[in-house]
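As a plain string of letters, each chain reads:
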Amino acid sequence: MAYDLTNGSTTNHKSRTGANVPYTVEKTVSMADATTAKGSALANADVLEVIPVPANTLVHGAVAYVETVDSSTAATFDIDVAAGDDFIDGGDFNTVGWAAAGSNGLLPFGANSVIVASADTIDVKLNVGGSVVPADGVIRVVAYMSDLAEIPGPAEVGRDFA
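Reading guide: rules and limits
Residues numbered from 1 in each chain as written. Predicted model: local features only at pLDDT ≥ 70, side-chain atom pairs only at ≥ 80, totals over all residues. Heavy atoms only, no water. Helix = DSSP H or I, 4+ residues; strand = E, 2+ residues; numbered from the N terminus. Buried < 20%, exposed > 50% of the residue type's maximum accessible area, 1.4 Å probe, protein only. Areas by Shrake-Rupley, 256 points an atom, 1.4 Å probe, with all protein chains shown as cover. Salt bridge = Lys/Arg side-chain N within 4 Å of Asp/Glu carboxyl O. Polar contact = N/O pair within 3.5 Å; in protein donor to acceptor, adjacent residues only side chain to side chain. Contact = heavy atoms within 4.5 Å. Pairing = 2+ DSSP bridges.

Visitor: Whenever I open this one, the overall build of the chain confuses me. Can you help?
Guide: Helix and strand counts for the chain come out as one helix and 10 strands. Its helices and strands taken in sequence order, the chain reads β-β-α-β-β-β-β-β-β-β-β from the N to the C terminus. Counting over 162 residues, the chain shows a buried share of 43%. Entry remark: accessible area of the chain is about 8000 Å², with carbon and sulfur atoms responsible for 54%.

In structure tokens:
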């Protein structure tokens, strides 16, 4: 089952520079907050919706930084749009630092870029191999995106009308 941790945000992510360029969006994900949002202990295959992705967005990829090690020694996580594992596959909850892409995952700006036609979310899917589920770890998810809805055309200048 999916649990929305995006705080209901449907804001269109705009570039901070006023130009249509790739930009980043970050979300810190606490397993304790996710447990509270669910109302019970997290479980294998739970999907945490963490970053809203507006329609007509090119998602270049996502990475994750483990800020706080989780007490579950057998849990890993996947990151992708629609609960897949294209960005991170089998991220380790037990090592502080940047999670490796894993066997299916690819680094951003590679072959794993995804065009999101309808609004969606970047998800963290939990993989629990033992009986101890994630409960107290913290990861920071960073996504790289470009807005395809408003690709500017060529600017009109005086010479175009002469």
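Visitor: Just to check I follow, could you spell out the pattern of salt bridges for this structure?
Guide: Oppositely charged side chains are able to pair whenever their charged atoms sit close together. Applying the stated criterion across every chain, the model contains four salt bridges. For Asp 46, the salt bridge goes to Lys 38, with nearest N and O atoms at 2.8 Å. You can call Asp 46 buried: its relative accessible area is 4%.

Visitor: I would appreciate a short explanation of the side chain of Arg 140 in the present structure.
Guide: Mapped onto the elements of the fold, Arg 140 is located in strand β10 (residues 138-147). Judged by its relative accessible area of 19%, Arg 140 falls in the buried class. Here Glu 26 takes part through its side chain, which lies 3.5 Å from a polar atom of the side chain of Arg 140. There is a polar contact of 3.1 Å between the side chain of Arg 140 and the side chain of Glu 67. Residues in contact with Arg 140, not counting those within four places in the same chain, are Glu 26, Lys 27, Thr 28, Val 63, Ala 64, Tyr 65, Glu 67 and Trp 98.

Visitor: Looking at this structure, how should I read the pairing of strand β6 (residues 88-92)?
Guide: Both faces of the sheet carry side chains from a regular strand, because those side chains alternate between them. Bridge analysis of strand β5 (residues 75-81) against β6 gives three bridges, and the strand direction is antiparallel. Looking at β6, one finds that Thr 76 is bridged to Asp 92. The hairpin turn running from β5 into β6, its antiparallel successor, is six residues long, and Ala 82 in that turn takes a positive phi close to 60°.

Visitor: Can you walk me through unusual backbone geometry in this structure?
Guide: Here Ala 45, not a glycine, exhibits a phi torsion of approximately 75°, which is positive. If you check the backbone angles, Asn 56 has positive phi at about 60° while not being a glycine. Here Asn 56 shows up in the loop between β3 (47-53) and β4 (57-68). With relative accessibility at 38%, the residue Asn 56 sits in the partly exposed group.

These results come straight from atomic positions and should not be treated as a statement about function.
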